[in-house]
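Commentary on secondary and tertiary structure
These are the residues of each chain, in order.
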Amino acid sequence: MDQENKPAHDFDIDLICEYYSNFERQGPGSPETSIKALSFIDNLNGLSQIADIGCGTGGQTIVLAQQTTANIIGIDIAPIMIEKFNDNMIKNNLQNRIKGVVGSMDNLSFKKEELDMIFSEGAIYNIGFERGLNEWNKYIKQDGYIAVSEASWFTENRPSEITDFWMNAYPEIDTISNCISKIQKAGYIPMASFIIPEYCWTDNFYKSHASFQDVFLNKYPGNKAVEKLIADERYEARMYNEYKKYYGYVFYIGKKI
Ligand code: SAH
């Protein structure tokens, strides 16, 4: 089916995936923060099996691969991400132990206690933090790890504009202490949490996107879905700039009991 004959909704999703697949990373992050998260995790070796859920094009997966000798499976719902992911692994000569597979995080096909670690940067919100922590628990070995980054509130009270923005975008956003409590309730020992630095949002994410937005608008002149996508992203960047002391991404590391 060509793009124009697809139902409008599917076409929009394809465009959104195409847009994001142009970047090395699809969410705020950096090699240093992925390495920092890994520093709380021990016992990974050449026999270990890691799943990187919502892996995108694999920017952080390459870091995991360089820092460990483990086998890694990347899962993403978007075929265009997985295509680029597997190309990236070939380019980095990592294809023998890193594989990307199309799949959904709400329907994973791992065996019980098969994984030494579940890693997921900027993606668990797609099924919700609490649901992801609970549903993925069964796939992790005893003493294995979960390491996820999640948008979190830094303060108890916030200006209404930013509260409203997040209640519309992702009402499950919560404070760091409540997120840690959810990790504990889902059957993990909360080992660490840290706020990812501001440059992950500004330099690594919004700045790299800003320079590509006009290119994408010009590629699809007059396309309402593309115009909305870029307008929403510009608004989100303005919100971050104004309210970054109230929220950000936090990495949470838990060890399965
Ligand atoms: N981890 C990457 C990508 C984060 S963006 C990074 O940090 O750069 C979130 C990713 O989750 C996107 O690639 C999106 O396609 C994927 N995604 C969204 N819903 C999903 C689902 N239900 N199952 C698996 N992946 C999903």
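Sequence order as written defines the numbering, with residues in each chain counted from 1. Note on the predicted model: pLDDT of at least 70 is required for a residue's local features to be given, and 80 or more for side-chain atom pairs to be given and counted; whole-chain, interface and lining totals, by contrast, use all residues. Where side-chain values are given, they derive from all heavy atoms of the structure, hydrogens and water being excluded.

1. Describing the layout of surface pockets
- Think of a 1 Å grid over the protein atoms and nothing else: a 1.4 Å probe that fits but is trapped marks a cavity, an open set flanked by protein within 12 Å on at least five of seven lines marks a pocket, and residues with an atom within 4 Å of a point count as lining. Grid points are joined across faces, edges and corners, and a volume is the space filled by probe spheres set on the points. Reported here for the second largest pocket is a volume of approximately 260 Å³.
- Around the second largest pocket, the lining is made up of 16 residues, and of these Phe 23, Glu 24, Arg 25, Gly 59 and Gln 60 lie nearest the centre.
- Contributing elements (two or more residues each) for the lining of the second largest pocket: α3 (59-67) and α8 (202-219).
- Looking at which element gives the most residues to the lining of the second largest pocket, the answer is α3, with four residues.
- Polarity classes work like this: nonpolar for Ala, Val, Leu, Ile, Met, Phe, Trp, Tyr, Cys and Pro, charged for Asp, Glu, Lys and Arg, and polar for all others, with Gly in that last group. Looking at the lining of the second largest pocket residue by residue, the classes come out as four nonpolar, ten polar and two charged. Where helices and strands are cited, they refer to DSSP runs of H or I of at least four residues and of E of at least two residues respectively, numbered from the N terminus.

2. Some words on helix α7 (residues 176-185)
- Buried residues are those whose accessible area, probed at 1.4 Å on protein chains only, stays under 20% of the maximum for their type, while exposed residues exceed 50% and partly exposed ones sit between those limits. When we look at burial in α7, the residues that qualify are Cys 179, Lys 182 and Ile 183. Projection of α7 onto a plane perpendicular to its axis shows the buried side chains occupying an angular sector of 100°, all on one side. Away from its buried face by more than 90 degrees, α7 exposes Gln 184 and Lys 185.
- Whether two residues are in contact is decided by their heavy atoms: any pair within 4.5 Å suffices. Looking at the buried positions of α7, the neighbouring elements they touch are α5 (129-136), β5 (140-153), β6 (174-175), β7 (188-195) and β8 (247-256).
- Residue Gly 187 follows α7 closely and has a positive phi angle near 100°. Read the arc as the range of directions from the helix axis to the C-beta atoms.

3. What about the site of the ligand?
- We call a residue near a given molecule or strand whenever any one of its heavy atoms falls within 4 Å of it. Not every one of the 18 residues close to the ligand is listed here, only the nearest: Gln 26, Gly 54, Asp 76, Met 105 and Glu 121.
- In the environment of the ligand, a nitrogen atom lies 3.1 Å from a nitrogen or oxygen atom belonging to the side chain of Ser 104.
- For the shell around the ligand, a count of residues per class yields six nonpolar, nine polar and three charged. Polar contact is the term for a pair of N or O atoms within 3.5 Å; when the atoms are in protein, one must be able to donate a hydrogen and the other to accept it, and sequence-neighboring residues count only if both atoms are side-chain atoms.

4. Quick look at the pattern of salt bridges
- Each reported salt bridge corresponds to a side-chain nitrogen of Lys or Arg within 4 Å of a carboxyl oxygen of Asp or Glu. Enumeration according to the criterion identifies eleven salt bridges in this entry.
- For Arg 25, the salt bridge goes to Glu 121, with nearest N and O atoms at 2.6 Å. Of the two residues, Arg 25 sits in the loop between α1 (8-20) and α2 (31-38) while Glu 121 sits in the loop between β4 (115-120) and α5, which places them 96 residues apart along the sequence.
- Residue classification places Arg 25 among the buried positions, given a relative accessible area of 15%.

5. A word on the pairing of strand β3 (residues 98-102)
- One bridge is not enough; two strands pair if DSSP finds at least two bridges between them. Judged from the five bridges that link them, strand β2 (residues 71-76) and β3 form a sheet pairing that is parallel. Bridge pairing in β3 places Gly 74 opposite Gly 100.
- Look down the strands so they point away from you; if the path from the first strand over the helix to the second goes clockwise, the crossover is right-handed. With respect to chirality, the unit in which β2 leads through helix α4 (residues 79-91) into the neighbouring parallel β3 is right-handed.

6. Quick word on a nonpolar patch on the surface
- Patches were defined on residues exceeding 30% relative accessible area and lacking a salt bridge, with like-charge contacts within 9 Å and nonpolar side-chain contacts (Val, Leu, Ile, Met, Phe, Trp, Tyr) within 5 Å. Note on areas: Shrake-Rupley, 1.4 Å probe, and residue coverage restricted to the protein chains presented here. A contiguous nonpolar patch, built from Ile 189, Met 191 and Ile 257 and spanning about 280 Å² of accessible area, is present on the exposed surface.
- With respect to the secondary-structure elements, Met 191 resides in strand β7.

7. Section: unusual backbone geometry
- Within the chain, Glu 113 stands out as a residue other than glycine whose phi angle is a positive 55°.
- The residue Glu 113 is located in the loop between β3 and β4 in this model.
- Looking at Glu 113, the relative accessible area reads 35%, which means it is partly exposed.

8. Regarding the environment of Met 105
- Mapping Met 105 onto the fold places it in the loop between β3 and β4.
- Separated by 96 residues in the primary sequence, Met 105 and Trp 201 have C-alpha atoms spaced 24 Å apart.
- When near neighbours in sequence (up to four residues on either side) are disregarded, Met 105 contacts Ile 53, Gly 54, Ala 123, Ile 124, Asn 126, Ile 127 and Trp 136.

Keep in mind that these numbers describe shape and distance, not what the molecule does.
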